[in-house]
Amino acid sequence: MHLVVPSRGNRAARLFAGLLLLSVSVVAVAVLSLAVGARPIPIEVVWQALTQFDTANAEHHIVWDLRMPRTLVGVLVGVALGLAGAVLQGATRNPLADPSILGIHAGAALAVVLGIAFFGFTQLSGYVWLAFGGAGAAMFVVYSVASLGREGATPVKLALAGAAVTAVLYSIINAILLTSTRTLDEIRFWQVGSLAGRSIDIVLQVAPFLVVGALLAFACARLLDGLAMGDEVARALGQRIAMTRALSGLAAVVLAGGSTAAAGPIAFVGLTVPHMARAITGPSYRWILPYAMLMAPILLLGADVVGRVVSPPGGVQVGIVTALIGAPFFIALVRRRKLASL
Amino acid sequence: MFWKTAIVAALTLLPAAAQAEHWTFTDPTGQTVTLDAAPTRIIASQDAAAGLIPLGIRPVGIYADSPVAEAKALEGLDLSGIEIIGQTWSEVDIEKAAALEPELIIAEWWDRNAAWSGGQDLTAILSQLAPVTGIAASESIVGMIGDYEALAASLGADLGESKISADKAAFEAARAAFEAAVRAKPGLSALAVYAGEDALYVADPAGAAELLDLRSWGLELVSPEGVDATGNNYFETLSWENADKYPVDLILVDNRSATTMQTALAQPTWTLNPAAAAGQVTDWPAFWIRNSAAFARALETLTVAVEAADPDVAP
């Protein structure tokens, strides 16, 4: 008779199986995203479009030219938001950290607003680089401000600097929008966060950054586990804390900047998903990161599909749906676990 | 017999005397504005200005819906000496407006929106300075030009000016050429659209005076089936997935903003419509034509597009 003892290996196997299940779910949601839209296209035609593309067939074009880029952007942005949120929460040891708290969204939004108001940008493809530059600049300012003083960029100082910079940036944004209705008209669709109207060019523009960011994030996983035990313990274990924070900060900027560039500032995904992942995997970032990376695109693309179904023909923007789904989810998580113990 | 002559003279002179003292205009909603004399200090919406300036009535201030350089309605008009008090839809610099001491605000009545140009909020502000009146954005640009002529005449314009008759002659020639071009392309169907990043908006010709004029001159304009009554009343909103819902031979793209055509051409499903695939796309002078000269120019562009179009690209 064998005594069944829950072992470390057994737990790892279960978590690994969970990852496989999540991967299958990502594919399933992606297929759903290809199949559902304002125009009813039978699933066998969608399959035909994927396997035997016919240039003369309008429905094949819709699958490839509209739904495929939208789905790819959804997957990429989801992956990026999930990873960025998890890395930021680990690096700052702040359970409320997400791309908006470190000024990344505000920086991207200000750059896009300036581009529209003063430089005549009107097309989505132009916003990509603006958003990227703005996100990077804002994060740099936040990090520099937080690094002032003897103990360097501690979690509390990062969060405070992020909140302060965000407030400054949004006051500038609002000052511009209040005086320029034209800019407000252009920006309001972008500012909510949406996957609509994204062409394959945008996928190609941001994909390299997101791949680099993801690799950086995974390289940080072990270091984040060390940080989770507190700065002193991590230091005692021989970690270079400032280096860890800088590296994970860079990963977060590249990921969040890329996702904001592609889809606008999408709320709640980066905040909620890492907590959902943590609830399943426990505290190790070596599991939290891949879980968050796979759960976020399921939430994001799922929300986008829901948005397409509930309000044809334009659809509800994904940023609104994720906020609607994400907020109650987050409240439930907060009530279930003590989040403050990161 | 003297008393008889006197009475006749009195009867004919009395209304004339009254007219000389008062200026009266009844707007499309039935409201009547009465002023002591024909006003000379007028603030006009961009569209009203576009109707009145070519007839010799120069407002002291104009409020536009966009930066003046981009306002199609004001294209080609002499605006020297006229204060621009607004360059965004529904926004005016109220201090500038008040400093002009207007006696009258002339806008246009948009029946489907039940509002004057610039919207109700703006009207509420401007009406504190002077009464707001104007003509209706009606079912024919030709009719509206006639309405502006009547309004301009009441304001003291001399409609016999040679420039005015030259403009009218140019318009008549352009209209005849357009009619001939359409007649030469039997079966040519057309669609008027606005292209946004989020959706394709198909215009209901019944809501656009210039489209109704084009239709009355023979152009077969397709009417969309489902005009969005909850949003804006003038278009059917189509997902870009359904960009080929109305396959046609010629597409007219709203040219109020130059970026609309760029946006249309950038959409991957734009070319699902046979007209777009064949490059049979031209400008739609959407909602902004208010004078004969502008209509003549727009018709010349449309005539070229119709003449170049193959009328059999759509099934």
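Definitions and cut-offs
Residues numbered from 1 in each chain as written. Chains lettered and ligands numbered in written order. Predicted model: local features only at pLDDT ≥ 70, side-chain atom pairs only at ≥ 80, totals over all residues. Helix = DSSP H or I, 4+ residues; strand = E, 2+ residues; numbered from the N terminus. Rg over C-alpha atoms; globule rule 2.2 N^0.38 Å. Buried ≥ 20, exposed ≤ 12 C-beta atoms within 10 Å, placed from the backbone. Axes fitted to C-alpha atoms, helices over the stretch in contact; angles between N-to-C directions. Parallel < 35°, antiparallel > 145°, perpendicular 65-115°, else oblique. Left-handed = near helix turned anticlockwise from the far one by under 90°. Contact = placed C-beta atoms within 7 Å. pLDDT = per-residue confidence, 0-100. Nonpolar A, V, L, I, M, F, W, Y, C, P; charged D, E, K, R; others polar.

1. Thoughts on the overall build of chain A
(1) Moving on: The number of helices and strands found in chain A is 13 helices and zero strands.
(2) Moving on: Along chain A, from the amino end to the carboxyl end, the secondary structure elements read α-α-α-α-α-α-α-α-α-α-α-α-α.
(3) Moving on: On C-alpha atoms alone, chain A measures out to a radius of gyration of 21 Å, which is about the 20 Å that the 2.2 N^0.38 rule sets for 342 residues.
(4) Moving on: The C-alpha extent of chain A, read off along each of the three principal axes, is 70 × 65 × 35 Å.

2. Observations regarding unusual backbone geometry
Residues and elements named next belong to chain B.
(1) Moving on: Phi at serine 90 is positive, roughly 70°, even though this residue is not glycine.
(2) Moving on: With respect to the helices and strands, the residue serine 90 is situated in the loop between β5 (83-86) and α3 (94-99).
(3) Moving on: Positive phi outside glycine occurs at alanine 114, with the angle close to 50°.
(4) Moving on: Here alanine 114 falls in the exposed class, since 10 other C-beta atoms lie within 10 Å of it.

3. Observations regarding the packing of helix α6 (residues 162-183) of chain B against helix α10 (residues 292-308) of chain B
Residues and elements named next belong to chain B.
(1) Moving on: Packing of α6 against α10 leaves a shortest axis separation of 8 Å and a crossing angle of 20°. The angle between α6 and α10 places the two elements in the roughly parallel class. Classified by chirality, the crossing of α10 by α6 is left-handed. Facing α6, whose interface residues are Asp167, Lys168, Ala170, Phe171, Ala174, Arg175, Ala177, Phe178, Ala181 and Val182, α10 presents Ser292, Ala293, Phe295, Ala296, Leu299, Glu300, Leu302, Thr303, Val306 and Glu307.

4. A closer look at the confidence of the model for chain B
Residue and element names in this part refer to chain B.
(1) Moving on: The share of residues in chain B with pLDDT of 70 or more is 92%, and the mean pLDDT across the chain is 91.
(2) Moving on: Low confidence marks residues 14-18, where pLDDT is under 50. Its contacts with residues over four positions away, or in another chain, come to zero contacts.
(3) Moving on: Reported confidences for the modelled complex are a pTM of 0.81 and an ipTM of 0.76.

5. Comments concerning the interface of chain A and chain B
(1) Moving on: Taken together, the contact between chain A and chain B spans 20 residues of the former and 18 residues of the latter.
(2) Moving on: Those elements giving two or more residues to the side of chain A that touches chain B turn out to be α3 (58-92) and α7 (181-192) of chain A.
(3) Moving on: Examining the composition of the side of chain A that touches chain B, we find that five residues originate from one element, α3(A), more than from any other.
(4) Moving on: A breakdown of the residues in the side of chain A that touches chain B according to their chemical character gives nine nonpolar, eight polar and three charged.

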